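For reference, the chains in residue letters:
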Amino acid sequence: MPDQYKLIRCTVNGREKEAMVDVRASLADLLRNDFRLTSVKKGCEVGECGACNVLIDGESFNSCIYLAVWADGKDILTLEGLEGPDGKISDIQQAFIDEAAVQCGFCTPGAIMSAVEILNEGRLLSDEEIRVRMSGHLCRCTGYENIVRAVKKTMLARLSQ
Amino acid sequence: MYVGKPVKRVDAFDKVTGRARFTDDLCDKSAYIARIVHSTIAHGKVVSFDLAEARKVKGVVKILTCFDLREKHYFGTPGHPYVLDPAQRDVEDRLVLTDTVRFWGDDIAAVVAENEVAAEQALRLIKVQYEEYPFVLDVQEAMKDGAPQLHAAFPNNILEHTGIREGDYAKAITEPGLIKVEGWYETPTMQHCHIENHICYAEMKQNRIHLVSSTQVPHVVRRVVGQALGIDWGRIRVVKPYIGGGFGNKQDILYEPLCAWLCMQVGGHLVKLDVPREETFVCNRVRHGFRGHIISWVRPDGTFAARKLEAFSDQGAYASHGHAICAVEMAAFRQTYPCENVEIDGWTVFTNKPVAGAMRGYGVPQIMWALESHTDEIAAALGQDPIAFRRRNLMPLGYYDMFGHRKLAADSYNQCLSKAMEAIGYDRKREMYRHQTGNIRRGTGAAVFWFDTGTWPFLLETSSCRMAMNQDGSMQLQLGETEIGQGADTVFSQMAADTVGVPIEKVHIVSAQDTDVAPFGTGAYGSRQTYSAGHSIRKTGLQLKQKILEKAEKLLQISSADLNIVDGEIIHIADGAVLMDLGTLVKEVQYSRSGSCHLTAESTAHITAAPYTLGCTVAEVEVDIALCKVRLLNIVNCHDAGVLINPALAEAQVHGGMSMGIGYGLSEKLVFDEKTGRPVNNNLLDYKLSTFMDHPSLRAEFVENREVTGPFGAKGLGEPPVASVAPAIGNAVYCATGVRLKKLPMDPPNLYQAFCEAGLICDERRVDA
């Protein structure tokens, strides 16, 4: 199968990357297996749970149903990319800690990435709007309550600056 | 002091940065991939396999079928402690692969391949010939003579029947003037839906099996894998890293025995078994479906004369936790509203459905749906206020349980009801929502729960703890009890810090359990860990502290009775003067040329008490009658879990349980095709667990009555938050519409049926009012 593999170039967490990818592989596979970015979690592999969400050119996607070859030329951000070079974490990560929005931690990376997408828009959202925007993520531990609180707190903090 | 404070989770940083590694993140890429061939019939016998095409797939290493299983070691799967008396052990009815198919999805063969694609391709090319038998999906149908039989040893598919007789029911119901209230109640099969599916991998090293598994009960996994493979338990090492939720599913031994067996069949090569979501729904464990028949005989003054329950618990195809769930249902029925004359019968019955096991609440959500719906019906029949009726009849202060030898020491029910009702404005809203007409109607409802934490006296309650001092005055903390998301590591660290007297930053908990080095503990279940591990932490911490103070006595020439450890420093009790910091002391002792000693402590707490944890839910709903939809407007849970070790994490635990209860109440059910027995919605799209949009803001309240038997006054909290949510919603729907829902979930199909039967809507779905 000569067309089985294809070379792609993309930016991952601010660094330029090249990879030969199996055309059948998902972006989640590429990120987990080739780049060992294991914050990208697999909970269903069919785009139902949101655990694998990453930002592609600033937009939140289920990386399990996004083909790796489509990432060619794209700018990809995973949870690992939110941390500064000195290990300092972002405001939304800190809010997840402070609001007890983390329990088992398996949905957390994906949920934080969608929160980043929302927060980066710099708009004031109602609780209801936050819930709608975050609804692509399933969480069985938290009842979503403290995740909403963490997103809201960070949103208000950013808007008041 | 850290107990009672909202200390931040000790694992939160790692979890928000992706540094927390879960099973799949740890597995080496050289692993072979195992996939399971599941039966596509609900009942029958595997006659033969045609593996010719599948074997041709490039990358297939080996295909193993049920016929390759030379030695048959039957094993039981519940994550219970081992029971020395063989008669009391869990039923041992599983094999790693089976030629007798008992449900659609049974494990009949497995493919081991070099990669996922090859495994998947081979899986699709395997042809199976079956001898098909009739199957049965309904629990009461399965009990009838002539029904398809699942296990030869259990006639009429009855795994177990138990009965409770107290007083004289037959005589009591002849009392003149009694009012009879009777109902049938039903709850569906439900799945845990932890976001990380069950996954494990195995490799042989030094002639031992090294397993890494997403489990709640690593020490139990070690024993059961040994039993399933017929090898010495010590030859198995189980590591439990961070796990992506469990909720009881991972309290069963799932595919660890099969994975270990496959590993042995391919020369000990690393084999990974990662269960896809669709298989998790069907081939792991589910919550028991329940059908209950309750009859209450009440006096016009609102007291019980006699009560009766018949409970039917749907076990599915294999025994797993079996009758224990039904037994809890029976106990909850009997104790929540004590009555002198009681007849209770419970049957746990095999059906050709997925295997039911432990799930958050362990039978209590089922019985509370029946009992608390029924309790509201009694109040309505008597024309009494449902809360007043409850307060009159609930388990009273001082209630003594003969079996568990415990006495209800706090007025938890009344306190919790008052607090939750006030939080939601229950009385005012109840008044407001009288006499509604129209399509959109609102209502409020309440329900209580009864919950029995831990497993004593049914099972052993034991927990071991190890502590070791470091040269900087910090300490390692190790337990057999597991962090599964609930925050165990954090509350363990808090309790250890307070017991020994060190700052919490200096308590380094070893989160992962490795059965080669972790002290023995039975793991996460039964809402037992804070309580049981709390005892072993306290016991071990006090031993360590005593050792440290004895060393300090020698070094400082001051009696240890006059010394204490506060904030990592040895102080003189009399004046609080700091005499030495712990780091200095440990270095002096450890590197002493006259008597070097590593300051450590280890002990086991054997617990012989199991407190009740009680509370309630109050809910407010809006019902769209024409659309047959319930919208939850407000909900509050109030719990008495004793002193809260960590109020922030306790609140978060309650949120999660409430969320699961909302799904149970309004949307979740695993549906089976009547013609084939095949589950039809075994994915996260068609199985409706609640999303961000399905919840109002969740409110958690507490009353903190100190638990006298508990470490730091605490007791269990993990499971109960799910227990009373659905009946509170059901009672709110009744308040809004006057229609009593008997069957969960309260989703549009069930509401449509109930509203039609009540004449609230006609077939054209027009509002009657």
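Computed from a predicted model, the values in this text were never measured in an experiment.

A. Quick look at the sheet that holds strand 4 (residues 100–101) of chain B. All names here are of chain B. Reading across from one edge, 4-2-6 is the order of the 3 strands in this open sheet, with antiparallel pairing throughout. For this open sheet the edge positions go to strand 4 and strand 6 (127–132), each flanked by a neighbour on one side alone. Pairing of strand 2 (residues 44–50) with strand 6, which is carried by 6 bridges, proceeds in the antiparallel orientation. Residue pairing for strand 6: Asp-50 is matched across the bridge by Lys-127.

B. Focus on the domain arrangement of chain B. Residue and element names in this part refer to chain B. What the domain assignment lists for chain B is domain 1 (13–133 + 192–283), domain 2 (394–456 + 609–757) and domain 3 (462–606). On a C-alpha basis, the centroid separation for the pair domain 1 and domain 2 is 35 Å. Of the roughly 930 Å² buried at the junction of domain 1 and domain 2 (both faces included), carbon and sulfur atoms supply 78%. The largest per-residue losses of area from domain 1 upon contact with domain 2 belong to Trp-104, Cys-193 and Phe-281, which jointly make up 55% of the total buried on that side. At the junction of domain 1 and domain 2, the tally comes to 0 salt bridges. Residue classes in the side of domain 1 that touches domain 2 are distributed as 6 nonpolar, 1 polar and 2 charged.

C. Spotlight on the sheet that holds strand 23 (residues 563–566) of chain B. Residue and element names in this part refer to chain B. Overall, antiparallel pairing links the 3 strands, which are arranged 23-24-25 in an open sheet. Of all the strands in the sheet, just strand 23 and strand 25 (578–581) have a single pairing partner and so form its edges. Direction aside, the axes of adjacent strands within the sheet are offset by 30° on average. Across 3 bridges, strand 24 (residues 569–572) lies against strand 25 in antiparallel orientation. Within strand 25, the residue paired with Ile-570 across the bridge is Met-580. In the packing of helix 17 (residues 582–590) onto the sheet, contacts are made with strand 23, strand 24 and strand 25, and the angle to strand 25 comes to roughly 60°.

D. Focus on the domain arrangement of chain A. Residue and element names in this part refer to chain A. Domain parsing of chain A yields domain 1 (5–82) and domain 2 (91–159). Each of domain 1 and domain 2 has a C-alpha centre, and the two are 21 Å apart. Contacts between the two partners involve 18 residues from domain 1, matched on the other side by 12 residues from domain 2. Scanning the region where domain 1 abuts domain 2 turns up 0 salt bridges.

E. Just the nonpolar core, in detail. With 226 residues, the main nonpolar core has A:Phe96, B:Leu262, B:Leu273, B:Trp450 and B:Ile729 as its most contacted residues. Here the element with the most residues in this core is helix 11 (residues 364–382) of chain B; it accounts for 9 residues. Counting 39 residues, the second-largest nonpolar core is a separate cluster that includes B:Met469, B:Leu479, B:Val491 and B:Leu599.

F. Highlighting the pattern of salt bridges. Inspection of the entire model under this criterion finds 59 salt bridges over all chains. A salt bridge links B:Glu651 to A:Arg149, with the nearest nitrogen and oxygen atoms 3.2 Å apart. Pair noted here: B:Glu651 is in helix 18 (residues 647–666) and A:Arg149 is in helix 5 (residues 145–159), and the two residues belong to different chains. Between B:Asp252 and B:Arg285 there is a salt bridge, with the nearest N and O atoms lying 2.4 Å from each other. With B:Asp252 in the loop between strand 11 (236–240) and helix 8 (256–265) and B:Arg285 in the loop between helix 9 (277–283) and strand 13 (289–298), this pair connects stretches of sequence that are 33 residues apart. Both residues of the pair, B:Asp252 and B:Arg285, count as buried.

G. Molecular detail of the pairing of strand 4 (residues 59–62) of chain A. Covered by surrounding structure in strand 4 of chain A are A:Ser60 and A:Asn62 only, the residues A:Glu59 and A:Phe61 on the alternate face being uncovered. Between strand 3 (residues 53–56) of chain A and strand 4 of chain A, which pair antiparallel and follow one another directly, the connecting turn spans 2 residues, one of which, A:Asp57, has a positive phi of 50°.

H. Layout of the environment of B:Lys587. Residue and element names in this part refer to chain B. Turning to its location among the elements, Lys-587 is positioned in helix 17. Residue classification places Lys-587 among the partly exposed residues on the basis of a relative accessible area of 42%. A sequence separation of 140 residues divides Lys-587 from Ala-447, and the C-alpha atoms of the two residues are 57 Å apart. Apart from residues lying up to four places away in sequence, Lys-587 is in contact with Gln-471 and Ser-592.

I. Structural detail: helix 11 of chain B. Residues and elements named next belong to chain B. When the terminal C-alpha atoms of helix 11 are compared, their 26 Å separation across 19 residues agrees well with the 27 Å that a helix rising 1.5 Å per residue should span. Most of helix 11 is tucked away: 17 of the 19 residues are buried. One or two residues past the end of helix 11 sits Gly-383, with phi positive at roughly 70°.

J. A look at the interface of chain B and chain A. Of the residues lining the interface, 59 residues belong to chain B; the matching set on chain A comes to 48 residues. On the chain B side of the interface with chain A, the three residues burying the most area are B:Val16, B:Ile195 and B:Phe692, jointly 21% of the side's total. Here chain B and chain A share 7 salt bridges between them. Where B:Asp25 meets A:Arg32, a salt bridge forms, and the shortest distance between an N and an O atom there is 2.7 Å. Counting the contacts that link chain B with chain A gives 25 residue pairs in polar contact (both at pLDDT 80 or more). Sorting elements by how many residues they give to the side of chain B that touches chain A places helix 18 of chain B first, with 9 residues. Residue composition of the side of chain B that touches chain A, grouped by class: 26 nonpolar, 19 polar and 14 charged.

K. Representation of the packing of helix 11 of chain B against helix 12 (residues 386–393) of chain B. All names here are of chain B. Viewed as axis vectors pointing N to C, helix 11 and helix 12 meet at an angle of 110°, and their least axial separation amounts to 9 Å. Taken together, the axes of helix 11 and helix 12 are roughly perpendicular relative to one another. In the crossing of helix 11 with helix 12, the sense of the turn from one axis to the other is right-handed. Residue-level contacts link Glu-372, Thr-375, Asp-376, Ile-378, Ala-379 and Leu-382 of helix 11 to Pro-386, Phe-389 and Arg-390 of helix 12. Its residues assigned to classes, the contact of helix 11 with helix 12 shows 5 nonpolar, 1 polar and 3 charged.

L. Structural view of the pairing of strand 27 (residues 612–624) of chain B. Residues and elements named next belong to chain B. Counting buried positions over the 13 residues of strand 27 gives 13, a clear majority of the element. What you see with strand 27 is no split at all: Tyr-612, Leu-614, Cys-616, Val-618, Glu-620, Glu-622 and Asp-624 on one side and Thr-613, Gly-615, Thr-617, Ala-619, Val-621 and Val-623 on the other are buried throughout. Examined bridge by bridge, strand 18 (residues 440–452) and strand 27 share 13 bridges and lie antiparallel to one another. Its bridge partner being in strand 27, Phe-449 is matched across the sheet by Gly-615. Pairing of strand 27 with strand 28 (residues 629–640), which is carried by 11 bridges, proceeds in the antiparallel orientation. The partner of Val-621 across the bridge, within strand 28, is Leu-632. Taking the residues between adjacent antiparallel strands as the criterion, strand 27 and strand 28 are bridged by 4 residues, where Cys-628 takes a positive phi near 55°.

M. A look at the side chain of A:Glu83. Turning to its location among the elements, A:Glu83 is positioned in the loop between strand 5 (75–77) and helix 2 (91–98). Residue class for A:Glu83 comes out buried when judged on its relative accessible area of 16%. Contacts of A:Glu83, omitting those with residues within four sequence positions, involve A:Lys88, A:Ile89, A:Gln93, B:Thr17 and B:Arg19.

N. The arrangement of the packing of helix 3 (residues 108–120) of chain A against helix 5 of chain A in detail. All names here are of chain A. Contact geometry of helix 3 with helix 5 gives a least axis separation of 10 Å together with a crossing angle of 30°. Judged by the inter-axis angle, helix 3 sits roughly parallel to helix 5. By crossing handedness, the relation of helix 3 to helix 5 is classed as right-handed. Residues Ala-115, Leu-119 and Asn-120 of helix 3 pack against Val-151, Thr-154, Met-155 and Arg-158 of helix 5. Residues that form the contact of helix 3 with helix 5 fall into these classes: 4 nonpolar, 2 polar and 1 charged.

O. How the structure looks around unusual backbone geometry. Of note, the bond from B:Trp456 into B:Pro457 is cis; its omega dihedral lies within 30 degrees of zero at 5°. For B:Pro457, the location among the structural elements is in the loop between strand 18 and strand 19 (462–469). Cis geometry is found at the peptide bond from B:Leu744 to B:Pro745, where omega equals -5°. Examined against the element boundaries, B:Pro745 turns out to sit in the loop between helix 19 (725–737) and helix 20 (748–757). Located in the positive-phi region is A:Arg36, a residue other than glycine, with phi close to 55°. Mapped onto the secondary structure, A:Arg36 falls in the loop between helix 1 (27–34) and strand 3.

What counts and how
- Numbering of residues starts from 1 in every chain and runs along the sequence as written.
- Written order determines the labels here, with chains lettered from A and ligands numbered from 1.
- It should be noted that, the model being predicted, local features are given only for residues of pLDDT at least 70 and side-chain atom pairs only at 80 or more, the latter also being counted only at that level, while totals for whole chains, interfaces and linings use all residues.
- Here the side-chain values reflect all heavy atoms present in the structure, with hydrogen atoms and water set aside.
- For two strands to count as paired, DSSP must find a minimum of two bridges between them.
- Comment: elements are numbered from the N terminus, with helices defined as DSSP H or I runs of at least four residues and strands as E runs of at least two.
- Delimitation of the domains relies on an automatic or database domain assignment.
- Defined in terms of a 1.4 Å probe, buried area is the accessible area two parts forfeit on being brought together, summed over both.
- Salt bridges are defined by distance alone: a side-chain nitrogen of Lys or Arg within 4 Å of a carboxyl oxygen of Asp or Glu.
- Throughout, the ten residues Ala, Val, Leu, Ile, Met, Phe, Trp, Tyr, Cys and Pro are labelled nonpolar, Asp, Glu, Lys and Arg are labelled charged, and all others, Gly among them, are labelled polar.
- Only the contacting stretch of a helix is used when fitting its axis, a line to C-alpha atoms as for every element, and angles between N-to-C directions run 0 to 180 degrees.
- Throughout, a residue-residue contact means that at least one pair of heavy atoms, one from each residue, lies within 4.5 Å.
- Buried residues of nine kinds, namely Ala, Val, Leu, Ile, Met, Phe, Trp, Tyr and Cys, make up a nonpolar core once their side-chain atoms join them within 4.5 Å.
- Throughout, exposure labels follow a simple rule: accessible area from a 1.4 Å probe, protein chains only, divided by the maximum for the residue type, with under 20% read as buried, over 50% as exposed, and the rest as partly exposed.
- Any helix carries an expected span of 1.5 Å times its number of residues minus one.
- Whenever two N or O atoms come within 3.5 Å, that pair is a polar contact, provided that in protein one can donate a hydrogen and the other can accept it, and provided that, for residues adjacent in sequence, both atoms are side-chain atoms.
- Each angle gets one of four labels, with under 35 degrees taken as roughly parallel, over 145 as roughly antiparallel, 65 to 115 as roughly perpendicular, and the rest as oblique.
- Here a crossing is called left-handed whenever its near helix is offset anticlockwise from the far helix by less than a right angle, and right-handed whenever the offset is clockwise.

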